[in-house]
Amino acid sequence: SRRYSGSVEPLQSTSLAFKLSGTVRGLHRPPGLNRDVQVGDTLAKGTVIAELDEGDLRRAKLGAEARVAQLEARVVTAKETLEIATRNVARFENAAASVSKVALDEAESRRIAAAGELESAEHALADARVQLDQAADDYENRRLIVPFDNATIAEKTIEPGERKAAHEIAFRLI
């Protein structure tokens, strides 16, 4: 009889960690078992294996959505104000003989201020949309999802109620 030596390596292996810090709300409970996942359990691709508490993340997302809506309204108002100021300047220019230079300058000044307000509102809205995207990403990243089929838990360093730091490994799957 012959003997051979070697090592067995998993076909796939990955470590799972949250992208952000938070308190662990819960772990996956395999069907038919009255317990959280454990080392040795095999899971299907797409299974939500762990989730952070969503309270702060949900509130941040809702706050960002409200800020975007508020700034969208500010942009609409600023556009309308600019349109009115532009019409007033045109009226004053058309009636140049009966309008003082001071009145025309004041109307032009209001038009310039309205244009500045519109630009400021548009920049603030763009920034708020970036913040909303980040809040939405954070909300989605509150879950750890099994990335491949027949993933077996090789290591588990996470428990419900525990605080996990961003990028701190929670599971190693093979």
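A brief look at the structure comes next. Computed from a prediction, not measured in an experiment: that's the story for all the values here.

## Quick look at the packing of aromatic side chains
Aromatic rings in a pair are described by how distant their centres are and how their planes are angled relative to each other. Taken as a whole and assessed by the stated rule, the structure comprises zero aromatic pairs. Its guanidinium or amino end placed over the ring of Tyr-139, Lys-61 lies 5.3 Å from that ring's centre, counting from NZ or CZ. Above the face of the Tyr-139 ring, Arg-142 is positioned so that its terminal group lies 3.9 Å from the ring centre.

## Digging into the nonpolar core
One broad rule of soluble globular proteins: the nonpolar side chains tend to lie buried together. Core analysis: the biggest nonpolar cluster contains 21 residues, and Ile-49, Ala-50, Leu-144, Ile-158, Phe-171 and Leu-173 have the highest contact counts within it. Put simply, the parts of the chain that give this core at least two residues each are β2 (22-27), β4 (48-52), β6 (151-156) and β8 (169-173). Residues within four places of Leu-144 in sequence aside, it is in contact with Leu-16, Ala-17, Phe-18, Thr-47, Val-48, Ile-49, Ala-50, Ala-170 and Phe-171. Counting residues in hydrophobic clusters, the runner-up holds 14 residues, among them Val-68, Ala-114, Leu-118 and Ala-135.

Cut-off values and rules
- Residues numbered from 1 in each chain as written.
- Predicted model: local features only at pLDDT ≥ 70, side-chain atom pairs only at ≥ 80, totals over all residues.
- Heavy atoms only, no water.
- Phe/Tyr/Trp six-rings, centres within 6.5 Å; stacked < 30°, edge-to-face > 60°.
- Lys NZ or Arg CZ within 6 Å of the ring centre and 35° of its normal.
- Core = buried A, V, L, I, M, F, W, Y, C linked by side-chain atoms within 4.5 Å.
- Buried < 20%, exposed > 50% of the residue type's maximum accessible area, 1.4 Å probe, protein only.
- Helix = DSSP H or I, 4+ residues; strand = E, 2+ residues; numbered from the N terminus.
- Contact = heavy atoms within 4.5 Å.

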